[in-house]
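One-letter residues, chain by chain:
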Protein chains: 2
Amino acid sequence: MATSATLNAQLGLAATFKCENLQKVGAFKARGATNAVLSLDDATASRGVLTHSSGNHGAALAFAAAIRGVPCTVVMPEDAPTVKFDAVADYGARIVRCTQSDREEAAAREQAATGATFIHPFEDPNVIAGQGTAALELLEERPDLEVVIAPIGGGGLLSGTALVCAEAGIETIGAEPEAVDDAYRSLMSGVRQPRVPNPETLGDGLLTGIGALAFDILQRLGVTIQLVDEAAIVDAARFHLERMKLVVEPSGATGLAALRRLAPQWQGKRIGVIISGGNTDFAWLAR
Amino acid sequence: MATSATLNAQLGLAATFKCENLQKVGAFKARGATNAVLSLDDATASRGVLTHSSGNHGAALAFAAAIRGVPCTVVMPEDAPTVKFDAVADYGARIVRCTQSDREEAAAREQAATGATFIHPFEDPNVIAGQGTAALELLEERPDLEVVIAPIGGGGLLSGTALVCAEAGIETIGAEPEAVDDAYRSLMSGVRQPRVPNPETLGDGLLTGIGALAFDILQRLGVTIQLVDEAAIVDAARFHLERMKLVVEPSGATGLAALRRLAPQWQGKRIGVIISGGNTDFAWLAR
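Residues numbered from 1 in each chain as written. Chains lettered and ligands numbered in written order. Predicted model: local features only at pLDDT ≥ 70, side-chain atom pairs only at ≥ 80, totals over all residues. Heavy atoms only, no water.

(A) Broad picture of the nonpolar core. In terms of nonpolar packing, the biggest core is built from 72 residues, with A:Phe17, A:Leu259, B:Phe17 and B:Leu259 touching the most fellow members. Among the elements that make up this core, the one with the highest residue count is helix α12 (residues 230–242) of chain A (six residues). Not counting the four nearest positions on each side in its chain, A:Phe17 is found in contact with A:Met1, A:Ala2, A:Leu7, A:His240, A:Met244, A:Leu256, A:Leu259, A:Val273 and A:Ile275. (Core = buried A, V, L, I, M, F, W, Y, C linked by side-chain atoms within 4.5 Å. Buried < 20%, exposed > 50% of the residue type's maximum accessible area, 1.4 Å probe, protein only. Helix = DSSP H or I, 4+ residues; strand = E, 2+ residues; numbered from the N terminus. Contact = heavy atoms within 4.5 Å.)

And the structure:
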């Protein structure tokens, strides 16, 4: 957890950040993958686990499988960054390369061949429950929070957070880049909207459209979304880096960006913000 | 505190990092300045405190004076970075500008005019004792450490660390850039050596020569220095940034650089490393 007296003075509130950038694999994804893999019965687990991912979920599943000592296969598009391939390989998982359009077919072929269990990055109750443990830990240390903010992509983190916060009577707000506003439009309209095609945003961890499970949970719990623009995301990531000395990926900085937008109506309040991850190449630092 | 399973596996030991980059004012200096200011009697404190500094000590003293609610004056060379002026001003201290060669005279004039107490960045037992609290906290959480590494510039942090570790029967090692090796040469020869003039090192927090108080303490306690080269400093700062998601200034990364040099002889050991600060402009990231 981290706080900034400077930020609190600027905004007129008391913010506490949960630092999932310091989590294993550099993101909250380690939580959901670990919970899903540890929830499998022994016979199922022994046949291994499988996913397709170009991002942090692949590394998280490889990490979780290594903890349990079971085989892991990650189907990855050929154009994924080298650093992502390395992360998955470092945890000892087998990598199957595919094209961007062939991901699901390639994963299905692997599953048929190996009998491995497919672990979805967010359409899975055990994954959502695992992601919720970030908020659980945050509330254990700060039970007096009044609002918790978390970023939304597929919605695993936000829906897990909302389930934990609802139990404690605490409001949950999602933070979403304007350029990929499908979760915002889904919850406003009451109908799940498709993901934005080919969006331009630095929040590359949030490109996924909102999942069906997450949509149901967030709608039922009355969670609302605060949109943030690209300049606000860069400013927030820069503040984390320069003032708080924390490496936060742009997706992970949307929480602070949303906090700044909502601060005028939250004077004197105690707010929790989940920093979702820290895996970034710093290209945004030049902006 | 932070650990890295990747690093421990690479080096064959168990390292624990004390993160003074996450400290107030972004460096351990907040500890010594606070202890010195809080140690003054009321009458003395009410006349204020004073120092000359182009770096973190000025901001640390301004921070400490603000805590106690007493006036603070920082004499700063005109060519100090704007960000350093801003940090001192943000804590409410008065800034007196001087030339690089006029620092001590300007400070003496201010002291004569105001009756403020001059707080030296390291030639002060209360400052050294304050810096030692970083190691104290580290050992409270990790009492089984076998060695603790800390960077050395003037020697306030290293001598405070060594006093705490000696009490606990734990070895202390200093980390110093090769380009400013006066502490190394001082402790090897048994005679305090002058600072290296106009050195070229990224460790801009360690340019100061070893102080007389620190030299006496380090010599008496048998502390040794591990020199590290510039490439090793950059590699270490990059590892902190990219793998541990922590912003560490090059001076602060000398501890990890020294750890890597000494790891072959420390297999299986539990090592503490003090990251001294995180105030950096990231220019080294391009190297």
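What follows picks up the thread again.
(B) How the structure looks around the relation of the copies chain B and chain A. Superposition record for chain B on chain A: RMSD 0.0 Å, screw rotation 180°, translation along axis 0.0 Å. These values place the two chain copies in the arrangement generated by a two-fold rotation axis. The rotation axis passes nearest to the C-alpha of B:Leu246 in chain B, at a distance of 2.5 Å. Residue by residue, 100% of the interface of chain B is reproduced at the interface of chain A, so both copies engage with the same surface. (Least-squares fit on C-alpha atoms with pLDDT ≥ 70 in both.)

(C) Seen up close, the pairing of strand β3 (residues 72–77) of chain A. Residue and element names in this part refer to chain A. Extensive coverage of β3 is indicated by the burial of six of its six residues. Of the two faces of β3, both are covered, the one formed by Cys72, Val74 and Met76 as well as the one formed by Thr73, Val75 and Pro77. In terms of strand pairing, strand β2 (residues 49–52) meets β3 through four bridges, oriented parallel. When the bridges of β3 are listed, histidine 52 appears paired with valine 75. Note on the crossover from β2 through helix α4 (residues 56–68) to β3: the handedness is right-handed. (Pairing = 2+ DSSP bridges. Right-handed = clockwise from strand over helix to strand, strands pointing away.)

(D) Here's a closer look at the pattern of salt bridges. Across all of its chains, the model carries 20 salt bridges over all chains by this definition. Residue A:Arg109 pairs with A:Asp102 through a salt bridge whose shortest N-O separation is 3.5 Å. The residue B:Asp42 makes a salt bridge to B:Arg68 at a minimum N-O spacing of 2.6 Å. Of this pair, B:Asp42 sits in helix α3 (residues 42–46) while B:Arg68 sits in helix α4 (residues 56–68), placing them 26 residues apart in sequence. The exposure class assigned to B:Arg68 is partly exposed, which follows from its relative accessible area of 22%. A single network of salt bridges, built from pairs that share partners, joins A:Lys18, A:Glu20, A:Arg31 and A:Glu137. (Salt bridge = Lys/Arg side-chain N within 4 Å of Asp/Glu carboxyl O.)

(E) Broad picture of the domain arrangement of chain A. All names here are of chain A. Examined at the domain level, chain A breaks down into domain 1 (5–27 + 125–286) and domain 2 (29–118). For domain 1 versus domain 2, the separation of C-alpha centres amounts to 25 Å. Contacts between the two partners involve 16 residues from domain 1, matched on the other side by 13 residues from domain 2. Taken together, the two surfaces of domain 1 and domain 2 that pack against each other cover about 1100 Å², and 53% of this comes from carbon and sulfur. Across the domain 1-domain 2 interface, the total number found is two salt bridges. The closest approach of N and O atoms between glutamate 137 and arginine 31, which form a salt bridge, is 2.9 Å. (Domains from an automatic or database assignment. Buried area = accessible area lost by both parts, 1.4 Å probe.)

(F) Fine view of the packing of aromatic side chains. Residues and elements named next belong to chain A. All chains considered together, the criterion is met by two aromatic pairs over all chains. Centre to centre, the rings of phenylalanine 63 and tyrosine 91 are 5.7 Å apart; their planes meet at 70°, and the pair counts as edge-to-face. Of the two residues, phenylalanine 63 sits in helix α4 while tyrosine 91 sits in the loop between α5 (82–90) and β4 (94–98), which places them 28 residues apart along the sequence. Since its relative accessible area comes to 29%, tyrosine 91 is described here as partly exposed. The aromatic ring of phenylalanine 85 is capped on one face by arginine 97, whose charged end is 4.2 Å from the ring centroid. (Phe/Tyr/Trp six-rings, centres within 6.5 Å; stacked < 30°, edge-to-face > 60°. Lys NZ or Arg CZ within 6 Å of the ring centre and 35° of its normal.)

(G) Quick look at the sheet that holds strand β7 (residues 171–177) of chain A. Residue and element names in this part refer to chain A. Reading across the sheet, the five strands line up as β1-β9-β6-β7-β8 and stay open at both edges, with parallel pairing between neighbours. Looking at strand neighbours, the two that pair on one side only are β1 (14–19) and β8 (224–228), the edges of this open sheet. Adjacent strand axes in the sheet meet at a mean angle of 25° when their direction is disregarded. Here six bridges tie β1 to strand β9 (residues 270–275), and the two strands are oriented parallel to one another. Among the inter-strand pairings, threonine 16 is bridged to a residue of β9, identified as glycine 272. (Axes fitted to C-alpha atoms, helices over the stretch in contact; angles between N-to-C directions.)

(H) Just the interface of chain B and chain A, in detail. Contacts between the two partners involve 15 residues from chain B, matched on the other side by 15 residues from chain A. Across the chain B/chain A interface, buried area totals approximately 1100 Å², and carbon plus sulfur atoms make up 64% of it. Among the residues chain B hides against chain A, the three largest losses belong to B:Lys245, B:Val247 and B:Phe282. Together they make up 47% of the total. Where chain B meets chain A, there are zero salt bridges. Our enumeration of links across chain B and chain A arrives at six residue pairs in polar contact (both at pLDDT 80 or more). By residue class, the composition of the side of chain B that touches chain A is eight nonpolar, four polar and three charged. (Polar contact = N/O pair within 3.5 Å; in protein donor to acceptor, adjacent residues only side chain to side chain. Nonpolar A, V, L, I, M, F, W, Y, C, P; charged D, E, K, R; others polar.)

(I) Fine view of the pairing of β2(A). Residues and elements named next belong to chain A. Every second residue of β2 is oriented toward a common face, with Val49 and Thr51 on one face and Leu50 and His52 on the other, all of them buried. The pairing of β2 with strand β5 (residues 117–118) spans two bridges and is classified as parallel. Of the residues in β5, the one forming a bridge with leucine 50 is phenylalanine 118.

(J) The arrangement of the packing of helix α9 (residues 156–167) of chain B against helix α11 (residues 212–221) of chain B in detail. All names here are of chain B. Where α9 contacts α11, the axes come no closer than 9 Å and their chain directions differ by 35°. Considering only the axes of α9 and α11, their crossing is left-handed. Counting all contacts with α9, which are made through Leu158, Ser159, Ala162, Leu163 and Ala166, the residues of α11 involved are Ala214, Ile217, Leu218, Arg220 and Leu221. A per-class count over the contact of α9 with α11 returns eight nonpolar, one polar and one charged. (Left-handed = near helix turned anticlockwise from the far one by under 90°.)

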